[in-house]
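# Examining the three-dimensional arrangement
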Amino acid sequence: MHHDTRDEQHEQQGRHEHHEYRGDDSRRPDHTGHADHSAHAGHTAHVPGKAGWSMAARATLHCLTGCAIGEILGMVIGTALGWGNAETMVLAIILAFAFGYTLTLRSILKAGVDFRKAFRVALAADTLSIAVMELIDNGVIALWPGAMDAQLADALFWGALALSLAVAFAVTTPVNKWMIGRGKGHAVVHRYHH
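First, a word on scope: everything that follows refers to the structure included in this document. Just so we're clear, the structure is a prediction, and the values are computed from it rather than from any experiment.

## Notes on the nonpolar core
The biggest cluster of nonpolar side chains holds 10 residues, and these are Cys63, Leu64, Cys67, Ala68, Ala96, Tyr101, Ile130, Met133, Leu165 and Ala168. Elements with a minimum of two residues in this core: helix 2 (53-80), helix 3 (85-110), helix 4 (115-143) and helix 5 (155-181). Here the element with the most residues in this core is helix 2; it accounts for 4 residues. In this structure Ile130 touches Cys63, Cys67, Ala96, Phe97, Gly100 and Tyr101, once residues within four positions along its chain are discounted. Ala92, Ile141, Ala150 and Ala160 belong to the second largest nonpolar core, which has 8 residues in total.

## Some thoughts on the packing of helix 2 against helix 5
Look at helix 2 against helix 5: their axes get within 8 Å of each other, and the N-to-C directions meet at 145°. Taken as a pair, helix 2 and helix 5 cross one another with a handedness that is right-handed.

## What about the side chain of Glu71?
Note that Glu71 resides in helix 2. The charged side chain of Glu71 is buried without a salt bridge, its nearest counter-charge being Arg106 at 19 Å. In this structure Glu71 touches Ala92, Ala96, Glu134, Asp137, Asn138, Ile141 and Leu161, once residues within four positions along its chain are discounted.

What counts, and where the lines are drawn
Residues numbered from 1 in each chain as written. Predicted model: local features only at pLDDT ≥ 70, side-chain atom pairs only at ≥ 80, totals over all residues. Heavy atoms only, no water. Core = buried A, V, L, I, M, F, W, Y, C linked by side-chain atoms within 4.5 Å. Buried < 20%, exposed > 50% of the residue type's maximum accessible area, 1.4 Å probe, protein only. Helix = DSSP H or I, 4+ residues; strand = E, 2+ residues; numbered from the N terminus. Contact = heavy atoms within 4.5 Å. Axes fitted to C-alpha atoms, helices over the stretch in contact; angles between N-to-C directions. Left-handed = near helix turned anticlockwise from the far one by under 90°. Lys, Arg positive; Asp, Glu negative; His and termini not counted. Salt bridge = Lys/Arg side-chain N within 4 Å of Asp/Glu carboxyl O.

Nothing here speaks to function; it is all geometry.
Structure follows, in structure tokens:
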């Protein structure tokens, strides 16, 4: 009888140890590094190398919104005041950068980031994107015959501006995709949107 009890205890102890071993998968070589990543589902977009066209297009559209506001405002002000082409273009570019940074800054500040850090993030996220967009946008307007001399009441003024922004969007989207894929540009901003 004593012998049976020891066998039962040994059996129970063996089952217990086996259960503990199965429960701790980190000790098993075939389960190493298989942590539960379900909490991160849908956040792969900000991991370098995982940038999709959809995220790049959204980042470009965000940037284009700020640029377009500044660009249109600058062109309208310069044209309405009768400024020369160079002065109007400079004003439009300055306002495009200002509004582009402001929109990004606003969204980062909403996430509770202090102003100084938010400003640095906005600069890192948008500078290249806005620069490419402005180069293409203003290049199209400068090269379009008669666009630089068009007035606010002219269809050419608005048509050239709309087309230049569309071309800028098309050219800047791959640039943003490339940057996001390397963890730069709007990938930096994405970290603050949870």
